[in-house]
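The lines below spell out each chain.
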Amino acid sequence: MSEPHHDGPSGGVLIVDFGAQYCQLIARRVRELGVYSRITVPERAMFTFAHMRPAAVILSGGPRSVYEHDAPALDPAILQKGVPVLGICYGLQWLAQHTGGEVTPARAGAEYGRTQLHVVDDRDLLAAVRQDGIVWMSHGDKVARLGPGFEVLARSEPCPFAVVGDRTRRFYGLQFHPEVAHTEDGAAMLRNFVLGIARCRADWNPGNLVEQKVAAVRQLVGDSGEVVMGLSGGVDSSVAAVLIHRAIGTRLHCVFVDNGLLRAGEREGVEELFRDHYHMDLEVVDASERFLGELKGVVDPEAKRKIVGKVFVDVFRDKARQKRNAKFLGQGTLYPDVIESVAAHGGATSTIKSHHNVGGLPKDLDLALVEPLRDLFKDEVRALGRELGLPATLVLRQPFPGPGLAVRCLGEVTRQKLEPLRAADRIVREEVEARGLERGLWQYFAVHVPQKTVGVKGDARVYEDVCVLRLVSSQDAMTADWELLPVDVLKRISNRILNEVKGFARVCLDISSKPPATIEWE
Ligand code: XMP
């Protein structure tokens, strides 16, 4: 797995991931301070350090014990680099162990949850940190003895070495997690370390990013290089396309594949924004016949997903090959997809659904990749989109799955079922967005359930399908909760669907959280 490119001394923070649940959160907290941060695994930390030349190192927490023989291997030479080091939880224990201290299992057993922090030295790291504030602990081992040079800066009831520091070498350690919201003043501690102690360069902001990214794309593509890319209309590919376009103008060729599984108005919206407004070279390929043809008779959700993914690759590959001068492939890949992280790639997590994205697909095209968002988190991509002048409706748009309406049209996908689904989905969006209710929702959409039920419309008996409303809140789609709308809005949505859409005799509300349900129905 390669890493994001970054030239020269970054003035940023290198985060060594010991398998922490919260590693990405640490990286985001640092970036919220306006400082570049990057995550790497222990085995590659020295290499990444040399490449990145960070101004500080943060050692994350992790599930292991430093005294286990196969504990994550970080070269202690990282402590000789002369930059400040902050160890968090396991990171503190690793730091203690490699600076002459001792780590043992916590005598009273593991310590989990909230505890109060008693500050004994409020200079530098703990400046402006409140006395007896709440911090969030989660550890099974503890530091039993500190090595020479270290002092205690704060303690908690069960933990005499809750915060420690060696001011001469600028090594610090926290036995708790400053990055989680439950730790009061955790943000202040990180700010004190990153901006105060390490004096990192705070130049990571959307304005600078646009300039940096545009320059990087120009350098990569050169004066005459051409780029082809698939535009899905989603946030990532849209922001990537506008950035690349700003760098190379009409040498960017965008392809939008209409797979027949789009929401109402989607294709038109993409054409209007990118072709009419940005004057991009945009080719719209209507491949709906082909997608729906291949989906004919297929009812298995995974089979449907795979077909949509495969046909997309085929269609896109054909188009890309026609752009003979294009030697580059643009993609909206994000940092969480490429992070070299124990948590992101280490575990054998089972596949719940095979996700498909428009980016990241055709591997055999023999094109060099242009991925300007490769070192950005989603919220940073949104900020960049705003900076580039993309409309808020697009930048804040709800996620829409790669397989499109195919996973919301249960069973076999047919035009007859897609039509009412599209109409109902448009009503849901219109009613939610007209009142600004989308701000409280992660996703809001309609699902077509091919179960005939009896109704009566205009004095006549009908026997039609079920429309389900799916309204969820979420932070990251890993977990989600079902949500309600004000009753009058629900009534209006239901009335409109039953009156305006032919094909549904009943509207139901999905009240399932994830887990155990998933957000999409297939
Ligand atoms: P589930 O249904 O797994 O969905 O709870 C989690 C989030 O991912 C979106 N989703 C997809 N996004 N390609 C995507 O780009 C896919 O194949 C795909 N499947 C689900 C879903 O909309 C939700 O936000």
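As a reminder, the structure under discussion sits directly above these lines.
**Thoughts on the pattern of salt bridges**
Okay, so step 1: Applying the stated criterion to the full structure yields 41 salt bridges.
Okay, so step 2: Taking the shortest distance from any N to any O, the salt bridge between Arg145 and Glu102 comes out at 3.7 Å. Separated by 43 residues along the polypeptide, Arg145 in strand E8 (residues 141–145) and Glu102 in strand E5 (residues 102–105) bring together distant segments of the chain.
Okay, so step 3: A residue is classified by how much of its surface remains accessible, and Glu102, at 36% relative accessible area, is partly exposed.

**Notes on the nonpolar core**
Okay, so step 1: Counting residues in hydrophobic clusters, the biggest one holds 68 residues, and the most contacted among them are Val57, Trp94, Leu252, Phe274, Leu373 and Leu384.
Okay, so step 2: Top contributing element to this core by residue count: helix H6 (residues 235–248), with nine residues.
Okay, so step 3: Each of domain 1 (13–197) and domain 2 (206–395) contributes no fewer than three residues to this core.
Okay, so step 4: With residues up to four places along the chain from it excluded, the contact list for Leu252 reads Val227, Met229, Ala241, Ile244, His245, Met280 and Asp281.
Okay, so step 5: Residues Val257, Val285, Phe291 and Val489 belong to the second largest nonpolar core, which totals 45 residues.

**Notes on the packing of aromatic side chains**
Okay, so step 1: For the structure shown, the criterion picks out six aromatic pairs.
Okay, so step 2: Plain terms: the ring middles of Phe274 and Tyr278 are 6.2 Å apart, the flat faces sit at 25 degrees to each other, and that makes the pair stacked. Both residues of the pair, Phe274 and Tyr278, belong to the buried class.
Okay, so step 3: Aromatic side chains Phe312 and Phe316 sit 5.8 Å apart centroid to centroid with 10 degrees between the ring planes, which places their arrangement in the stacked category. Highlighted residues: Phe312 and Phe316, both in helix H9 (residues 301–322), separated by four residues, approximately one helical turn.
Okay, so step 4: Members of the aromatic cluster, connected to one another through ring pairs, are Phe18, Tyr90 and Trp94.
Okay, so step 5: A cation sits over an aromatic face here: Arg408 above Phe445, 3.6 Å from the ring centre.
Okay, so step 6: Its end group placed over the ring of Tyr463, Arg461 keeps NZ or CZ at 5.4 Å from the ring centre.

**Description of the pairing of strand E12 (residues 226–230)**
Okay, so step 1: Of all five residues making up E12, five are buried, and the element is well covered by its neighbours.
Okay, so step 2: On E12, burial covers both faces: Glu226, Val228 and Gly230 on one face and Val227 and Met229 on the other are all buried.
Okay, so step 3: Bridge count for E12 against strand E15 (residues 326–330) is four bridges, and the pairing is parallel. Each residue of the ladder has a partner; that of Glu226, found in E15, is Ala326.
Okay, so step 4: Where E12 meets strand E13 (residues 252–258), four bridges bridge the pair, whose relative direction is parallel. Directly across from Gly230, in E13, lies its bridge partner Val255.
Okay, so step 5: Read as a crossover between parallel neighbours, the route from E12 over H6 to E13 is right-handed.

**Quick look at unusual backbone geometry**
Phi is mostly negative for residues that are not glycine, and the peptide bonds are mostly trans.
Okay, so step 1: Across the junction of Lys514 and Pro515, the peptide omega takes the value -20 degrees, indicating a cis bond.
Okay, so step 2: Within the secondary structure, Pro515 sits in the segment after strand E20 (504–509).
Okay, so step 3: A cis amide bond links Pro515 with the next residue in sequence, Pro516, at an omega value of 5 degrees.
Okay, so step 4: Structurally, Pro516 is set in the segment after E20.
Okay, so step 5: Backbone geometry places Ala128, a non-glycine residue, at a positive phi of 65 degrees.
Okay, so step 6: As for its position among the elements, Ala128 is in the loop between strand E6 (111–119) and strand E7 (133–139).
Okay, so step 7: A relative accessible area of 73% means that Ala128 is categorised as exposed.
Okay, so step 8: Phi is positive for Asp185, close to 65 degrees, though the residue is something other than glycine.
Okay, so step 9: Position of Asp185 relative to the elements: it lies in the loop between strand E11 (171–174) and helix H4 (186–197).
Okay, so step 10: What makes Asp185 buried here is its relative accessible area of 17%.

Parameters at a glance
- Residues numbered from 1 in each chain as written.
- Predicted model: local features only at pLDDT ≥ 70, side-chain atom pairs only at ≥ 80, totals over all residues.
- Heavy atoms only, no water.
- Salt bridge = Lys/Arg side-chain N within 4 Å of Asp/Glu carboxyl O.
- Helix = DSSP H or I, 4+ residues; strand = E, 2+ residues; numbered from the N terminus.
- Buried < 20%, exposed > 50% of the residue type's maximum accessible area, 1.4 Å probe, protein only.
- Core = buried A, V, L, I, M, F, W, Y, C linked by side-chain atoms within 4.5 Å.
- Domains from an automatic or database assignment.
- Contact = heavy atoms within 4.5 Å.
- Phe/Tyr/Trp six-rings, centres within 6.5 Å; stacked < 30°, edge-to-face > 60°.
- Lys NZ or Arg CZ within 6 Å of the ring centre and 35° of its normal.
- Pairing = 2+ DSSP bridges.
- Right-handed = clockwise from strand over helix to strand, strands pointing away.

Shape descriptors only; they carry no functional weight alone.
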